[in-house]
Each structure stands twice: as structure tokens, then as C-alpha cells.
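Structural features, examined
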Amino acid sequence: MVQKYQSPVRVYKYPFELVMAAYEKRFPTCPEIPVFLGSEILHESRSDDGAIHIIERSCKLNVDAPRLLKKIAGVEYVFFIQKNTVNWKERTLRIEAHNETFANRVVVLETCSYSVHPENEEWTCFEQSASLDIKSFFGFESTVEKIAMKQYTSNIKRGKEVIEHYLKELISQGITCIPRWTPPSESGQKDEQTLAVGHDADDVPVECGARGTTKEQAGSSCSLTEAVSPDADKLDADYIERYLGQLTPMQESCLIRLRQWLQETHKGKIPKDEHILRFLRARDFNIDKAREMLCQSLTWRKQYQVDYILQSWRPPALLDEYYTGGWHYQDRDGRPLYILRLGQMDTKGLVKALGEESLLRHVLSINEEGQKRCEENTNLFGRPITSWTCLVDLEGLNMRHLWRPGVKALLRIIEVVEDNYPETLGRLLIVRAPRVFPVLWTLVSPFINENTRQKFLIYSGNNYQGPGGLVDYVDKDVIPDFLGGDCVCNVPEGGLVPKSLYQTDEEPENSDHIRLWTETIYHSASVLKGAPHEIVVEILEGESVITWDFDILKGDVVFSLFHSKRAPETSHKEATLPSTSIAGDNMQLIDKTWVLGVDYSRVESPLVCREGESIQGSHVTRWPGFYILQWKMHGPLPCSGTSLPRVDDVLASLQVSSHKCKIIYYYEVLASKDFRGSMSSLESCNSGFSQLSGATTSSSQSQSSSHLSR
């Protein structure tokens with residue numbers, strides 16, 4: 001595999017001619033670089049007017065490699081051929097170098113260039129690129145590659161120090177200005193100017209203070225205006241350090257190469273540099289893996305218009321009231337701080353009232369806002385801020401949060417965020433974790449990237465108070481009042497979402513944008529008088545588990561579960577209704593010609609479900625075949641001549657619509673081995689938001705349970 005390196009644009013705040021004079025001091029030998037043992041001129045030529053000067057040298061290097069490897073290779077030193085071409089008229093220097101030793105086994109190519117800064121002719125720019133291709137090396141290809149890359153990157157750092165040393169030496173000698181080249185016809189040949197320019201293949205300059213500036217002025221030069229890239233398509237080393245942080249030479253190279261590839265292949269707008277860098281960090285600076293991940297994310301952003309979500313997304317009023325999260329100043333490191341009171345959030349109610357689409361869009365808008373706040377804090381604090389901190393309060397977390405559909409929705413949101421917002425979370429502080437938290441963590445942690453998991457800090461009980469707690473990461477005057485601090489936090493307190501706000505298919509979430517969530521967890525259905533709603537589940541093997549979770553939004557229904565060896569035919573059947581409009585979300589499967597006990601059998605006793613109730617349950621199948629879940633309208637049982645109707649039935653019949661009931665439901669089939677431990681996720685009604693009723697039904701033919709909450 002060919003290893004490549006590309007440097008950022010490094011800016012000398014000195015004229016080109018002075019920088020060239022500094023390079024001349026490095027030849028024929030340079031004690032400042034021990035690996036460079038010396039050089040010998042092989043060829044030298046000048047143009048007639050003296051504007052172009054070409055020098056070709058043989059450079060002798062002492063590579064820091066194991067003695068055994070040198071003995072096997074049969075060489076003590078490595079020789080490179082370097083060709084320097086300086087153009088005094090254009091004020092440019094181009095350096096081309098390649099290895100002479102082992103040229104048939106290893107190919108090392110390097111190109112460097114010096115030129116005048118496009119916005120300031122008194123400054124000099126430097127760029128460097130190189131490639132390493134090891135074809136064969138006595139079976140030590142991998143070892144040689146590691147040694148070569150380590151040697152190369154270390155010499156880059158050393159080269160910066162050397163150039164700074166020679167520039168200071170020139171200035172100490174009083175040489176602060178060297179006249180520019182002029183044609184011979186105007187001033188004659190200037191031998192003192194056409195210097196024999198030398199440059200080592202591993203040399204990279206550093207940024208120096210501008211001539212005549214004080215240390216304070218030089219130190220303040222890394223402002224937004226100073227750190228402007230010499231070319232719109234290139235990155236300045238000052239800019240990288242100021243806005244992106246300290247990167248190794250190879251990390252800088254990966255960023256620049258990926259950025260260049262995007263400019264070539266994605267015409268038009270490309271991601272911001274800090275966004276590209278996040279994807280590189282997420283893939284440990286493996287440029288191929290980072291490119292694949294980033295391209296998938298860019299396609300996703302374009303398809304769903306995520307770039308415009310902050311302008312187009314307006315959270316529903318329900319989210320503003322019941323979503324217990326919000327931004328709250330910043331942490332000690334300057335990262336934006338987001339507070340989420342997850343334990344106080346009715347996640348089940350939000351999913352049922354708003355749908356997964358709205359929740360996902362809201363989470364994406366939070367991530368987009370987080371990136372925007374990072375940029376603002378970078379400018380505010382004068383140092384790179386590329387991630388934010390999240391403080392999660394789990395006070396109130398209980399079994400309702402382990403409700404299976406909700407966990408599935410959470411895992412889907414985590415997947416989307418991990419794929420498209422990598423390395424945006426700097427730290428996650430979890431406080432007041434209850435005993436049930438390990439169960440939730442076991443479900444969620446496998447879907448979280450290892451790098452992200454290492455940023456989690458978890459405190460149980462009151463361990464977050466005092467030294468070693470929140471005060472180590474958040475200033476005391478920013479800690480929210482509900483965590484014992486003095487700062488008033490405007491994050492909503494949450495609460496139970498009224499069931500009257502639960503959404504049905506008749507109330508679409510939002511049709512103004514492309515749906516991010518293509519599959520909804522909950523479905524809604526109408527149960528009509530004389531036309532029950534039915535769904536079929538095919539079981540190929542016994543010992544599977546059918547689970548369900550549904551809410552009665554309107555009317556009273558009877559829930560039943562049947563088994564049949566025959567596949568029912570799907571049909572929308574009209575009911576005997578006075579109205580001519582039939583709901584399109586009603587489905588009937590059991591044919592009227594079927595006989596109970598012959599064509600199909602009941603495997604669950606009928607369960608009467610009242611308006612406003614939530615039902616969760618499961619059934620362990622015993623036989624393969626087709627299982628039919630049925631909801632039908634409940635009416636008072638016919639009375640015998642000697643009995644009177646119950647008061648509850650009479651009241652129910654008066655309160656409920658005569659012709660139509662509404663339900664929202666979720667169901668899933670699990671293998672028996674996967675069902676172990678998931679029962680708690682179905683019993684989501686065990687919470688302070690709802691009361692568990694002892695309504696449990698069972699069948700002699702199966703193991704089953706249903707739970708009800710009002």
C-alpha cells in the first residue's frame with residue numbers, strides 16, 4: 001500500500017529572499033539535523049539572465065533503523081537525489097527528491113514548493129507532499145514502512161526548529177533584507193543574490209514573527225484575519241492550530257488529502273473543516289474508512305435536507321412543554337453544555353403523541369445547534385471547541401423507560417447520530433443513576449461507539465456532589481438548581497403527556513418534508529361496529545413469542561388472539577354503519593365462513609379494554625401457523641330475563657361512540673431465546689405516570705401475560 005503525506009500551507013512572515021538565504025546555510029552539511037550527514041553537488045546550471053538556478057545534489061542520510069535490519073539490507077547509509085529549481089523572477093523554489101538506495105525495492109518521492117503569499121508579498125508559503133511505496137524488502141516490508149513514516153514525521157518537526165534557528169541567526173547578524181532579483185539589463189548580474197539554494201527533503205519551516213514586531217504582536221497574529229489560508233482551496237498551519245487544534249503531521253496530511261478529494265469530487269459546497277476532522281477522528285485517521293463514512297453522511301444530509309433543519313424545523317408546542325432538555329451555558333473547558341432530565345421525560349407519551357419522526361428531527365436539530373455553538377465558543381474563547389458536554393439527570397428513571405418500543409426508537413436515534421455526528425460529544429455526565437440504570441445501559445451500550453463510551457462518567461445517588469463530581473467539569477455557578485446548584489435552569493420539568501394528545505393516522509406528523517423515519521413503530525386503526533380490526537402473524541417454528549402494546553384512544557374494545565393453520569385472506573370489509581364513509585385503516589382477516597373451533601381456535605381469553613387504557617402483553621406460541629390479533633368493539637352483554645345490566649356497562653355504552661373506536665398498536669415477534677429478560681421492557685406501565693392494574697389473563701394452551709394501565 002502506498003503511504004502518502006500532504007502538509008498544510010505553512011507561512012513564513014519573512015520575504016522569500018530571506019527564507020532562501022536561511023536554506024543556503026544548511027548545505028553542504030547541517031549539524032542541527034543529525035540524520036543529514038552531508039551532500040555533494042552533482043550538477044548546477046543557471047539561465048542566461050540568472051533568474052533560474054538549478055542544483056542537483058546527492059544527500060547522505062543516516063536512517064535510525066535497527067542494526068539487524070541494516071545488516072540484512074547490507075547498507076549503513078541511505079542516499080537521496082535532490083533537485084532544487086529556484087526562480088528568482090517568479091520568487092518560487094521547487095524541490096524534487098527521490099531515493100537512490102534500494103530504488104528497485106522502495107520508491108520514495110517528495111515534492112516541496114516555496115512561493116510568495118498571495119495576499120502579502122513580504123511573506124513566504126511552503127507546501128510539502130510525499131509518497132512511500134515499499135514493493136519488497138526481504139520480508140520486512142511492514143517494519144520498514146513503520147520506520148520510514150516515523151523517521152519522516154519526526155524530521156518534519158526537527159526541520160521546523162532548524163529553519164527557525166537559521167532565520168534568527170541571519171537576523172542577529174543584521175541581515176533583515178535581501179534585494180529582489182532584477183533583470184541584468186537594469187542593474188547587472190547580482191552574484192550576491194543568485195544564491196546556491198539548498199534544501200533537505202525532510203525540511204519544513206515554521207511560522208515566525210513578522211519583521212519588526214514585538215513578541216506580543218507576534219503572539220496575537222493567530223487571529224481570524226491572520227489565520228487566513230493563502231489559497232481558498234488550501235489550509236494554513238496557523239488556521240489549523242487556531243480553529244482545529246494540535247494535530248500531528250500525519251493527521252494534518254489526512255485532513256488535507258480528504259479535503260482535496262472532496263473539492264475534486266463534490267463540486268460546490270463541501271463540509272466545514274471541523275466536520276471533516278470529526279469523521280477522521282471517528283475512524284482513527286484511516287482516510288479510506290473516514291471517506292466512506294463521510295460520503296454516506298453527506299448523501300444522507302442531502303437526501304433529507306438536514307443542512308436546512310435549523311431554519312425549517314419548528315418544534316411542536318408539545319415538545320417545548322414535555323421534552324426535558326435544553327442548552328445551559330458551557331462547561332469548564334468552554335464546551336457548550338446540554339442538560340437532559342431523562343428521568344422526568346415521558347418518552348412513551350412523546351413517541352405516541354408526536355411520532356418517531358418529530359423526535360428524530362428534534363434530536364438532529366439539537367446536534368446541528370451544538371455544532372453551531374461550538375463554532376461560536378471557538379471564536380469566543382480563542383481556542384478550538386469542537387465538541388459539547390451533555391449532563392443527563394436520571395432522577396425518576398424506572399421500568400417505563402425500558403418499554404421495548406421506546407428502546408427501539410432510542411437505538412434508532414443513537415444509530416443516526418453515531419453515523420452522522422461522530423466525535424461531537426466531548427463528555428457525558430450521568431448523575432443520580434438509579435438501580436434500574438444497568439439494565440438500560442446493557443441494552444443501549446452495544447450500539448454506542450467505543451470512543452464515545454469512554455467519555456461517559458456515571459454517578460449514582462449523590463456521588464456527583466463535592467470534589468470529584470460535577471464541580472470538576474462544570475463551574476459551581478453553572479450547576480442547575482435541581483442538582484443542588486445556585487443557577488436557575490430553564491429546562492422543562494416534563495410530566496405525563498395526556499393521552500388525548502396521542503397521534504393517529506388521521507393526524508399526520510408533518511408532510512412538508514421528506515420523512516427521515518420510514519418505518520413507524522406504532523400503527524393506528526379504527527374498530528368499527530360489526531368490523532373488527534385484525535392483523536396476522538405467521539409463525540414458522542413453535543416457541544416464538546408474540547408481544548403487543550396498544551392504547552385505547554376512543555371507545556371500548558375486546559382484544560383476542562386466535563390461531564389457524566390456514567392463511568387468512570386480507571380484505572377491507574364494510575360494516576353495517578349508517579354513515580357511508582368507511583375508515584381505510586380497518587382490516588378484517590377472519591372469513592365469515594370460518595367456524596371457531598374448526599377453522600381457527602382461540603388461544604387467549606378475550607380481554608375487555610376500556611377507553612384510556614394501555615395494554616402490554618405477550619404470548620408464547622406452541623404451534624407454527626397463523627396467529628391473528630383481533631380488536632373488536634365492545635358492547636354490553638345481552639341480559640337474560642332475570643338479570644339486569646351492570647351499571648358500568650350502561651355508563652360505558654352512553655359515553656362511547658356508537659359506531660367507531662380508535663386504537664394505536666405495536667407488535668413484534670421474538671425468538672424464545674431473545675425474549676429472555678425482555679419482559680420488563682413490556683411492563684412499561686410500572687411507573688409514577690400510570691398505575692398498574694391487576695388485569696392479567698392466561699390461557700391453558702400457552703404462557704401469556706397482559707398488563708393494563710389507566
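Residues numbered from 1 in each chain as written. Predicted model: local features only at pLDDT ≥ 70, side-chain atom pairs only at ≥ 80, totals over all residues. Heavy atoms only, no water.

Going by the annotation in an unreviewed UniProt entry, the name recorded for the protein chain is SEC14 like lipid binding 5, with Dromaius novaehollandiae given as the source organism.

Details of the pairing of strand β9 (residues 325-330)
Pairing of β9 with strand β10 (residues 336-340), which is carried by 4 bridges, proceeds in the antiparallel orientation. Pairing of glutamine 330 across the sheet is with proline 336, part of β10. As consecutive antiparallel partners, β9 and β10 are separated by 5 residues, and within that stretch glycine 334 has a phi angle of approximately 90°, a positive value. (Pairing = 2+ DSSP bridges. Helix = DSSP H or I, 4+ residues; strand = E, 2+ residues; numbered from the N terminus.)

Remarks on a negative patch on the surface
Where like charges cluster on the molecular surface, the negative patch consists of Asp477, Asp481, Asp486 and Glu493. For aspartate 486, the position within the fold is in the loop between β13 (456-460) and β14 (523-528). (Patch = residues over 30% accessible without salt bridge, like charges linked within 9 Å, V, L, I, M, F, W, Y side chains within 5 Å. Areas by Shrake-Rupley, 256 points an atom, 1.4 Å probe, with all protein chains shown as cover. Salt bridge = Lys/Arg side-chain N within 4 Å of Asp/Glu carboxyl O. Lys, Arg positive; Asp, Glu negative; His and termini not counted. Charge placed at Lys NZ, Arg CZ, Asp CG, Glu CD.)

Topic: unusual backbone geometry
With an omega of 5°, the peptide bond between phenylalanine 27 and proline 28 qualifies as cis. Assignment of secondary structure puts proline 28 in the loop between α1 (16-24) and β3 (36-46). Phi is positive for phenylalanine 285, which is not a glycine, with a value near 60°. Within the element layout of this structure, phenylalanine 285 appears in the loop between α8 (273-282) and α9 (287-303). Even without a glycine there, the phi angle at glutamine 305 is positive, about 55°. By relative accessible area, glutamine 305 is classed as partly exposed at 45%. (Buried < 20%, exposed > 50% of the residue type's maximum accessible area, 1.4 Å probe, protein only.)

Focus on the sheet that holds β13
The sheet built from 5 strands is open, its strands ordered β9-β10-β11-β12-β13 with mixed pairing. Whereas interior strands pair on both sides, the edge strands pair on one side only; in this sheet they are β9 and β13. Within the sheet, the average angular offset between the axes of one strand and its neighbour, ignoring direction, is 20°. In the sheet, β10 pairs with strand β11 (residues 388-393) via 4 bridges, with the strands oriented parallel. If you follow tyrosine 338 over to β11, its bridge partner there is cysteine 390. Against the sheet, helix α12 (residues 347-381) touches β9, β10 and β11, its axis set at about 10° to β9. (Axes fitted to C-alpha atoms, helices over the stretch in contact; angles between N-to-C directions. Contact = heavy atoms within 4.5 Å.)

Concerning the packing of aromatic side chains
Following the criterion strictly, the structure yields 22 aromatic pairs and no others. Taken together, a centroid distance of 6.0 Å and an interplanar angle of 80° make the contact between phenylalanine 27 and phenylalanine 36 edge-to-face. Under the relative-accessibility criterion, phenylalanine 27 is labelled buried at 12%. Residue classification places phenylalanine 36 among the buried positions, given a relative accessible area of 3%. Between the aromatic rings of phenylalanine 137 and phenylalanine 138, the centroid separation amounts to 5.2 Å while the plane-to-plane angle is 75°, which identifies the pairing as edge-to-face. One residue, arginine 26, lies across the ring of phenylalanine 36, its end atom 6.0 Å from the ring centre. Against the face of phenylalanine 482 rests arginine 341, its NZ or CZ located 3.8 Å from the ring centre. (Phe/Tyr/Trp six-rings, centres within 6.5 Å; stacked < 30°, edge-to-face > 60°. Lys NZ or Arg CZ within 6 Å of the ring centre and 35° of its normal.)

Description of the sheet that holds strand β15 (residues 533-539)
Backbone hydrogen bonds hold the strands of a sheet together, and the pairing may be parallel or antiparallel. Spatial ordering of the open sheet is given by β15-β20-β17-β18, a layout of 4 strands whose pairing is antiparallel. Each having just a single partner strand, β15 and β18 (601-609) make up the two edges of the open sheet. Ignoring strand direction, the axes of neighbouring strands in this sheet form an average angle of 15°.

Considering a nonpolar patch on the surface
On the surface, Leu68, Ile72, Phe138 and Phe140 cluster together into a nonpolar patch covering about 350 Å² of accessible area. Along the chain, the position of phenylalanine 138 falls in the loop between β8 (120-134) and α3 (141-172). With relative accessibility at 37%, the residue phenylalanine 138 sits in the partly exposed group.

Some points on α8
In an α-helix there are 3.6 residues to a turn, and that puts residues three or four apart on one side. Along α8, 9 of the 10 residues are buried, which leaves the element largely enclosed by surrounding structure. For α8, the elements touching its buried residues are α6 (237-244), α7 (249-265), α9, α12, α13 (404-420) and α15 (450-453).

What to know about the packing of α8 against α9
Put simply, α8 and α9 touch, their axes get as near as 8 Å, and they point 125° apart. Relative to α9, the element α8 is oriented oblique. Judged by the twist between their axes, the crossing of α8 over α9 is right-handed. Of the residues in α9, those in contact with His275, Ile276, Phe279, Leu280 and Ala282 of α8 are Ile287, Ala290, Met293, Leu294 and Ser297. Across the contact of α8 with α9, the residue classes break down as 8 nonpolar, 2 polar and no charged. (Parallel < 35°, antiparallel > 145°, perpendicular 65-115°, else oblique. Left-handed = near helix turned anticlockwise from the far one by under 90°. Nonpolar A, V, L, I, M, F, W, Y, C, P; charged D, E, K, R; others polar.)

Brief notes about the pattern of salt bridges
Taken as a whole, this structure holds 34 salt bridges when the rule is applied. A salt bridge links aspartate 333 to arginine 335, with the shortest nitrogen-to-oxygen separation between them at 3.3 Å. Taking the relative accessible area as the measure of exposure, aspartate 333 reaches 35% and is therefore partly exposed. Its relative accessible area of 18% is what places arginine 335 among the buried residues. Salt bridges sharing common partners tie together Asp331, Asp333, Arg335 and Arg427.

Regarding the pairing of β8
Bridge analysis of strand β1 (residues 3-6) against β8 gives 4 bridges, and the strand direction is antiparallel. Looking at the pairing, glutamine 6 lines up with serine 129 of β8. Taken together, the 3 bridges between strand β2 (residues 10-12) and β8 define a ladder with antiparallel strand orientation. Bridge pairing links arginine 10 to phenylalanine 126 in β8. With 12 bridges joining them, strand β7 (residues 106-117) and β8 adopt antiparallel strand pairing.

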